[in-house]
Amino acid sequence: MKRREIIKKAAITTATAATTVSCSPGANSGTTAGSLPNVRWRMATSWPQSLIIYSGPETIAKRVKEMTDGRFIITPSVGGELVGATEVLDAVQTGSVQCGHTASYFYIGKNPALAFATSIPFGLTPQQQNAWLYHGGGQKAIQEIYDNFNIVYFPAGNSGTQMGGWFKREINSVADLKGLKMRIPGLGGKVMARLGVNVQVLPGGEIFLALERGAIDAAEWVGPYDDEKLGLNKAAKFYYYPGWWEPGSTLDVLVNRSAWEKLPDEYKQVFKTAAYEANIDMLARYEALNGEALSKLIKGGTKLVAYSDDILQAAQKASVEELEDSASKDATFKKIYEQWKDFRDNLYNWNRVNELTFANFVTKK
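Residues numbered from 1 in each chain as written. Predicted model: local features only at pLDDT ≥ 70, side-chain atom pairs only at ≥ 80, totals over all residues. Heavy atoms only, no water.

**Digging into the overall build of the protein**
In terms of regular secondary structure, the protein is built from 13 helices and 11 strands. Taken against the 2.2 N^0.38 rule, which gives 21 Å for 365 residues, the C-alpha radius of gyration of the protein at 22 Å falls within 12% of a compact globule. Viewed in the frame of its principal axes, the protein has a C-alpha envelope of about 70 × 50 × 45 Å. Of all 365 residues assigned to the protein, the portion counted as buried reaches 49%. (Helix = DSSP H or I, 4+ residues; strand = E, 2+ residues; numbered from the N terminus. Rg over C-alpha atoms; globule rule 2.2 N^0.38 Å. Buried < 20%, exposed > 50% of the residue type's maximum accessible area, 1.4 Å probe, protein only.)

**Some points on unusual backbone geometry**
Along the chain, Tyr241 connects to Pro242 via a cis peptide bond; the corresponding omega equals -5 degrees. Note that Pro242 resides in the loop between strand 9 (238-241) and strand 10 (250-256). Positive phi outside glycine occurs at Phe122, with the angle close to 55 degrees. Looking at the secondary structure, you find Phe122 in the loop between helix 4 (115-118) and helix 5 (126-135). Judged by relative accessible area, Phe122 falls into the partly exposed class, the value being 21%. Unusually for a residue other than glycine, Asn150 sits at a positive phi of about 60 degrees.

**Quick notes on the environment of Ile184**
Along the chain, Ile184 falls in the loop between strand 6 (181-183) and helix 7 (186-194). When the C-alpha positions of Ile184 and Val199 are compared, they lie 6.3 Å apart, and in sequence the two are 15 residues distant. Dropping the residues within four chain positions of it, Ile184 is found in contact with Gly189, Met192, Val199, Gln200, Val201, Glu220 and Trp245. (Contact = heavy atoms within 4.5 Å.)

**Things to note about the sheet that holds strand 6**
One open sheet holds the 6 strands; their spatial order is 7-6-8-5-9-11, and the pairing between them is mixed. The sheet is open, and its two borders are formed by strand 7 (198-200) and strand 11 (303-306), each paired with just one other strand. Pairing analysis gives 2 bridges linking strand 6 to strand 8 (residues 218-219), with the strands arranged parallel. Pairing of Met182 across the sheet is with Ala218, part of strand 8. (Pairing = 2+ DSSP bridges.)

**A few points about the nonpolar core**
Ranked by size, the top nonpolar core spans 62 residues in total, and within it Phe116, Trp132 and Tyr146 carry the most contacts. A per-element tally of this core places helix 13 (residues 331-362) first, with 6 residues. Setting aside residues up to four positions removed in sequence, Trp132 forms contacts with Phe116, Leu124, Gly137, Gly138, Gln139, Ile142, Ile336, Gln339, Trp340 and Phe343. Leu36, Val152, Phe154 and Leu263 belong to the second largest nonpolar core, which has 24 residues in total. (Core = buried A, V, L, I, M, F, W, Y, C linked by side-chain atoms within 4.5 Å.)

Structure, rendered in structure tokens:
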């Protein structure tokens, strides 16, 4: 590298470091860029590495490293490597790892209201979910739950409106759901159980074999791109839509509070920014790639099928019953549900005017 380029790069680095310190909340704490510590964290995740959903932890790790000039390193691990895919919350809570990337609805057995952090059947689209989390009190409400687990929580990814799952045979009515063995977690699973489905909860890496070998009759995961990566189209022929149980699924990064409190304020701000970027970037990737992936699946023999009105109406009715029932049994769930419902209704009224009319017109064939 030429001397002039070295001097230029050094000047830019110095200016950037000075800006980081002067603009961060901890700027008056006596910490300077030169004295920021080297930090090494492990991140457990719930995801296979080949999927878009794994881009969430990768984005966080990449941006944190870049924005701290390599001082703060986070190493993500695929689901099952450090802990089981649905055991990330426990690992973060106990401090066996400093952070984890997962979906809160995996843990509704610990607190049913954690479902709101991910997605509610017949609930919010990705944009609506972000509106609720960032500007409708959602993130604050979910954080109050995680306070009981010694965890700091941030939204950190969104899969977009999901598909309705893979089935080995056609499902034409509610009666066809009776006794069906289906992989589906969260409140969507509880609603399906109300419709007679034998609900199974499996990590993503186990779905294909279970479906191929007949241990389950149906499974939902995310959408065309990730579903094909898991090979689900090779294990089942019928691909249903829409994924009414997950209209806008948010993924989370969870941080052990003790580890969080040891970070300098500068690193905390960097981490928050990286989580925000992961939330926005993951959704953009899914939207950019799922259309082409769906076309590829259809050309390969996948049968794309819409859920019948009979099933959708029954599912919506069962969803309301499930939500109301949970609210009657759990004070935290009730508090969040009532606030969420008011926000949802107001947002629906607005989007009915500004977005739905536009979308209905431009998507006409």
